[in-house]
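Chain and residue survey
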Amino acid sequence: MFPRLFLVIGFLLATLTQPLAGSSLTVFAAASMREAMERIGQVYEVETGNSVIFSFAGTGILARQVEAGAPADLFISADDAWMNYVIERDAVVPGTVRLIASNELVLIGAKGMERLDLSETRITGALDGGRMAIADTETVPAGRYGKAALESLGLWKTVSARLAPMENVRIALASVARGDTPLGLVYRTDAAIEPEVAVVAELPAESYPEIRYLAALTEGRPDPAAEAFLDFLSGQEAREILQSLGFVTDKVE
């Protein structure tokens, strides 16, 4: 009798600690990760039977929604600042935070635009009275990284009055693609998915803080499938997808 009882208890414990097929997860992720997360989600769904629903927006918007108790199982931030923000407000589980990717900043123009030197003269000439599209420099990670780079390169005074701040980096990308703005500052991975823009300059990596995408479980939603998906994000399959889209994963553990 006892051996059978132990087997039953063991089975129940294993069941409770494994993701249940058919679970549905909600993931809040930075807008710049849309294509990567959608591909990763598709592979994960095929392998596990669990569905993943994504909500993409500027990291700051998502962080405040998570803080307010939005029904997200995971939060993926494009910088440390917003992840620290939700940690300080007990909105995510601190011990689950992990690095899943990095990125680079580039200056873009319309398809066919020639390469530019990162000098005041060349940038001013390329703007030709227009504005530079950039994610909001106060609240959006891509904008914060961009401002730091422009300051480091001695270009901030030249362009600060000519910026066109956007709600997120994908809107900045679209602005250049449509021809609304002659130049834009975006991630390299953004430029790679838009055929109507060209990379006209790479911003030196030392000119801005390391771009870090961090993922964490949210508080109050203890779904085993959420932890499994978090593990999947730093696994080999997810890394290969991220790398194929231009993200850097050499520091992911």
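That block above? That's the structure.
This report concerns the structure included in the present document.

**Digging into the packing of helix α2 (residues 34–48) against helix α10 (residues 224–233)**
The contact between α2 and α10 brings their axes to 11 Å, and the two run at 120°. Between α2 and α10, the crossing angle belongs to the class labelled oblique. Along this stretch, α2 crosses α10, giving a crossing that reads as right-handed. Contacts from M37, I40, V43, Y44 and E47 of α2 reach α10 at A225, A228, F229, F232 and L233.

**Things to note about the pairing of strand β2 (residues 51–57)**
Relative to β2, strand β1 (residues 24–30) runs parallel, the two sharing 7 bridges. Its bridge partner lying in β2, V27 is registered against F54. This β-α-β element, β1 to α2 to β2, shows right-handed connectivity.

**Structural notes on the side chain of D79**
By secondary structure assignment, the location of D79 is in the loop between β3 (74–77) and α4 (80–88). By relative accessible area, which is 5% here, D79 ends up buried. Separated by 3.0 Å, the side chain of D79 and the backbone nitrogen of W82 make a polar contact. Other than its neighbours up to four places away in sequence, D79 contacts P141, R144, Y145, R212 and L214.

**So, the sheet that holds β2**
Strand order in the open sheet formed by 5 strands is β2-β1-β3-β10-β4, and the pairing between neighbours is mixed. Lying at the two open borders of the sheet, with one neighbouring strand each, are β2 and β4 (98–102). Averaged over all pairs of adjacent strands, the angle between strand axes in this sheet comes to 20°, irrespective of strand direction. Contacts between α2 and the sheet are confined to β1, β2, β3 and β4, with β2 contributing the most and set at about 175° to the helix. In the packing of α10 onto the sheet, contacts are made with β1, β2, β3, β4 and β10 (212–217), and the angle to β10 comes to roughly 160°.

**With respect to the side chain of S175**
Along the chain, S175 falls in helix α8 (residues 169–178). Here S175 falls in the buried class, since its relative accessible area comes to 2%. The residues touching S175, leaving out its near neighbours within four places in the chain, are A133, M166, D180 and T181.

**What about the sheet that holds strand β7 (residues 163–166)?**
Here we have 5 strands laid out as an open sheet, ordered β7-β6-β8-β5-β9, and mixed in their pairing. The open sheet has two edge strands with one neighbour each: β7 and β9 (197–202). For this sheet, the mean inter-axis angle between neighbouring strands, taken without regard to orientation, is 35°. In terms of strand pairing, strand β5 (residues 105–110) meets β9 through 5 bridges, oriented antiparallel.

**Brief notes about helix α11 (residues 236–244)**
A238, R239, I241 and L242 are the residues of α11 that are buried. Down the axis of α11, the buried set is contained in an arc of 160°. They therefore lie on one face. Seen from the buried face of α11, the exposed residues on the opposite side, beyond 90 degrees, are Q236 and S244. Taken together, the buried residues of α11 touch α2, β4 and α10. Positioned one or two residues after α11, G246 has a phi angle of 100°, which is positive.

Calculation criteria
- Residues numbered from 1 in each chain as written.
- Predicted model: local features only at pLDDT ≥ 70, side-chain atom pairs only at ≥ 80, totals over all residues.
- Heavy atoms only, no water.
- Axes fitted to C-alpha atoms, helices over the stretch in contact; angles between N-to-C directions.
- Helix = DSSP H or I, 4+ residues; strand = E, 2+ residues; numbered from the N terminus.
- Parallel < 35°, antiparallel > 145°, perpendicular 65-115°, else oblique.
- Left-handed = near helix turned anticlockwise from the far one by under 90°.
- Contact = heavy atoms within 4.5 Å.
- Pairing = 2+ DSSP bridges.
- Right-handed = clockwise from strand over helix to strand, strands pointing away.
- Buried < 20%, exposed > 50% of the residue type's maximum accessible area, 1.4 Å probe, protein only.
- Polar contact = N/O pair within 3.5 Å; in protein donor to acceptor, adjacent residues only side chain to side chain.
- Arc of directions from axis to C-beta.

From the geometry alone we can't say anything about function, so treat these as descriptive.
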